[in-house]
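# Architecture at a glance
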Amino acid sequence: MTTRNKEQLGNFGAGDYWRMLRARGIRLPIQYFFQTHLFDLVRGTDTHTWLPRDRYIDPPAGEDHGGYYMCSLTNIVRKAFRVTERWDGGNFKKRVFVDVGSGKGKVVFAWKECLEKSGISQQTIGLEYYGPLVRVAKANQRKLGIEDLDLFREADAASFDYRALGDQFLLYMYNPFDDSILSAVLDQLDGLDVIVVHTYLDHQECMSAAGFEVFHRSGGWYPGSRMTIYHRGVVPPKRDKTQGSITTSQSVAARPDGVKDSPSKTA
Ligand SMILES: C[S@@+](CC[C@H](N)C(=O)[O-])C[C@H]1O[C@@H](n2cnc3c(N)ncnc32)[C@H](O)[C@@H]1O
């Protein structure tokens, strides 16, 4: 990869840690190291370096509605796995997992590791509309020795044919786009059984308008560690009558079997 290409896809150095320290105190660089940088150091991948939108060359159509590349925190991906797997029970493996706006592939890799550790097999893909990021994700995939030609797809999430993959989905979104694109994605999934994990923003209004209900919410000092998980089912999940209605201000899990999830701690 040439220096110019590296520049285009983001670069990172000690100065970035210094900037984080000055901006937010010691907590930010420590979290950055343990929850993003370390993931790459251990695996030899390239996922942690961000890519601001002004460095997208020939940006894809619709980029004015989209966010830039920044990877998820490792502990948040693992938490999303734990919460959804526990809530969904035996149905979990039937869902197709889609990281919507998969960037350099970190969520897909971390999710696959969780699946492997739990002995669960689940179809997993990443969708990303910016070609250079898809190529980095595929290079990371090769480094990890994962053989799956369809793991990363270069596609716009708003027009992707989800139905060709199945009728039950688990979508993970770390702030890929605004409500106008989110609504288009949810429309594509109309009539299907869908869990959506949002980290960063909760998109509450848009999700409620599309008929989704919150079943988990957890916060944190860092926006990327805030998580809200929604479900919209063909058949609504059974509720434990003693549980009351699902609120948006606390972590409440209405599992299909009615068992209550424990309130989450801050990530
Ligand atoms: C904040 S990053 C998240 C990356 C990855 N999901 C993670 O959590 O590590 C958001 C990503 O969404 C991508 N994106 C934005 N709009 C999109 C769209 N309409 N279709 C597909 N990808 C999109 C951006 O290019 C960027 O890589």
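Quick note: structure is the one above.
Residues numbered from 1 in each chain as written. Predicted model: local features only at pLDDT ≥ 70, side-chain atom pairs only at ≥ 80, totals over all residues.

This part covers the overall build of the protein chain. Summing up its helical and strand segments, the protein chain has eight helices and seven strands in all. A buried classification covers 36% of the 267 residues belonging to the protein chain. Taking contacts inside the protein chain between residues at least 6 apart in sequence as the whole, the part at least 24 apart equals 71%. (Helix = DSSP H or I, 4+ residues; strand = E, 2+ residues; numbered from the N terminus. Buried ≥ 20, exposed ≤ 12 C-beta atoms within 10 Å, placed from the backbone. Contact = placed C-beta atoms within 7 Å.)

Attention now goes to the site of the ligand. The environment of the ligand is made up of 26 residues, and the closest members are Gly66, Ser72, Gly101, Tyr174 and Pro176. Of all the secondary-structure elements, those providing two or more residues to the shell around the ligand are α5 (106-118) and β2 (124-128). Across the shell around the ligand, the residue classes break down as 14 nonpolar, eight polar and four charged. (Near = placed C-beta within 6 Å. Nonpolar A, V, L, I, M, F, W, Y, C, P; charged D, E, K, R; others polar.)

The subject of this paragraph is helix α2 (residues 14-24). Among the 11 residues of α2, zero are classified as buried, and the element is accordingly described as predominantly exposed. Positive phi shows up at glycine 25, right after α2, with a value of about 85°.

Moving on, we come to the sheet that holds strand β5 (residues 193-199). Taken in spatial order, the seven strands of this open sheet run β3-β2-β1-β4-β5-β7-β6, and their pairing is mixed. Edge strands, defined here as strands with exactly one partner in the open sheet, are β3 (152-154) and β6 (213-218). This sheet shows a mean twist of 20° between the axes of neighbouring strands, independent of strand direction. Of the pairings in the sheet, the one linking β5 to strand β7 (residues 227-232) comprises six bridges and is antiparallel in character. Each bridged residue has a counterpart across the sheet, and for threonine 199 the counterpart in β7 is methionine 227. Contacting β2 and β3, helix α6 (residues 131-144) runs over the sheet at an angle of about 165° to β3. (Pairing = 2+ DSSP bridges. Axes fitted to C-alpha atoms, helices over the stretch in contact; angles between N-to-C directions.)

Burial of β5 is extensive: seven of the seven residues sit out of reach of the surface. Across the two faces of β5 the burial is the same, with Asp193, Ile195, Val197 and Thr199 and Val194, Val196 and His198 all buried. Where strand β4 (residues 168-174) meets β5, seven bridges bridge the pair, whose relative direction is parallel. Within β5, the residue paired with tyrosine 174 across the bridge is threonine 199.

Another point: the nonpolar core. Counting 50 residues, the largest nonpolar core has Ala80, Val100, Leu171, Val196 and Val197 as the members making the most contacts within it. Those residues in contact with leucine 171, other than ones at most four positions away along the chain, are Val98, Val100, Val194, Val196 and Val197. (Core = buried A, V, L, I, M, F, W, Y, C linked by C-beta atoms within 7 Å.)

A word on unusual backbone geometry. You will see that aspartate 58, though not glycine, has its phi angle at about 45°, which is positive. Inspection of the secondary structure puts aspartate 58 in the loop between α3 (27-43) and α4 (74-88). Even without a glycine there, the phi angle at histidine 203 is positive, about 50°. On the neighbour-count criterion, histidine 203 (23 C-beta atoms within 10 Å) is buried.

What follows is about the environment of glutamine 122. Checked against the element boundaries, glutamine 122 lands in the loop between α5 and β2. Residues glutamine 122 and arginine 95, spaced 27 residues apart in sequence, show a C-alpha to C-alpha distance of 6.8 Å. Look past the residues within four positions of glutamine 122 in its chain and what remains in contact with it is Phe92, Lys93, Arg95, Phe97 and Leu115.

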